[in-house]
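Residue-level structure breakdown
Spelled out from the first residue to the last, the chains are:
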Amino acid sequence: QYQLVESGGDSVQPGESLRLSCAPSGRRLGYFPIGWFRQAPGKGREAVSCISSTGDGKTYADSVKGRFTISRDDAKNTVYLQMDRLKPEDTGVYYCATACTILAAQDYAWGQGTQVTVSS
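Now for a look at the structure at hand. (Residues numbered from 1 in each chain as written. Predicted model: local features only at pLDDT ≥ 70, side-chain atom pairs only at ≥ 80, totals over all residues. Heavy atoms only, no water.)

**Digging into the packing of aromatic side chains**
- This structure, assessed with the given rule, holds three aromatic pairs.
- Where phenylalanine 37 meets tryptophan 110, the ring centres are 5.1 Å apart and the plane angle is 80°; that geometry is what we call edge-to-face. On the criterion of sequence distance, the pair formed by phenylalanine 37 in strand β4 (residues 34-39) and tryptophan 110 in the loop between β9 (92-97) and β10 (114-118) is long-range, its members being 73 residues apart.
- Taking the relative accessible area as the measure of exposure, phenylalanine 37 reaches 0% and is therefore buried. (Phe/Tyr/Trp six-rings, centres within 6.5 Å; stacked < 30°, edge-to-face > 60°. Helix = DSSP H or I, 4+ residues; strand = E, 2+ residues; numbered from the N terminus. Buried < 20%, exposed > 50% of the residue type's maximum accessible area, 1.4 Å probe, protein only.)

**Some details on the pairing of strand β7 (residues 68-73)**
- With burial as the criterion, only one face of β7 is covered, namely that bearing Phe68, Ile70 and Arg72; the residues Thr69, Ser71 and Asp73 on the opposite face remain uncovered.
- Judged from the six bridges that link them, β7 and strand β8 (residues 78-83) form a sheet pairing that is antiparallel. Paired with threonine 69 across the strands is glutamine 82, a residue of β8.
- If you look at the hairpin formed by β7 and β8, you'll find four residues sitting between the two strands, and asparagine 77 has a positive phi there, around 60°. (Pairing = 2+ DSSP bridges.)

**Comments concerning unusual backbone geometry**
- The phi angle at asparagine 77 is positive, at roughly 60°, despite the residue not being glycine.
- Here asparagine 77 shows up in the loop between β7 and β8.
- Classification of asparagine 77 by relative accessible area gives buried; the value is 10%.

Below is the structure:
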């Protein structure tokens, strides 16, 4: 099973930045689109951003558009999510998957995710 590992989460104050990383465990990134998802406390998982296999196509949820930037570095075998101007509502566990939507990821074996907490 293709497993991705998330890292980079932390506790920060509103307005600060974080960069999350997503890398496959023991394999190459391959020709997959990679999506970032998050789950806030007491809420369902939602799609945040996605990048195509070539890196040319990028999508963002309206709530993060203009603040988050997704990128991939195939040489480093990693997909990044740069999160700027963080807000308390960005708090949650962030996951990555080889899919761009919740529906497409319904059979994906989610990893442990990485916790992001935005609080003053």
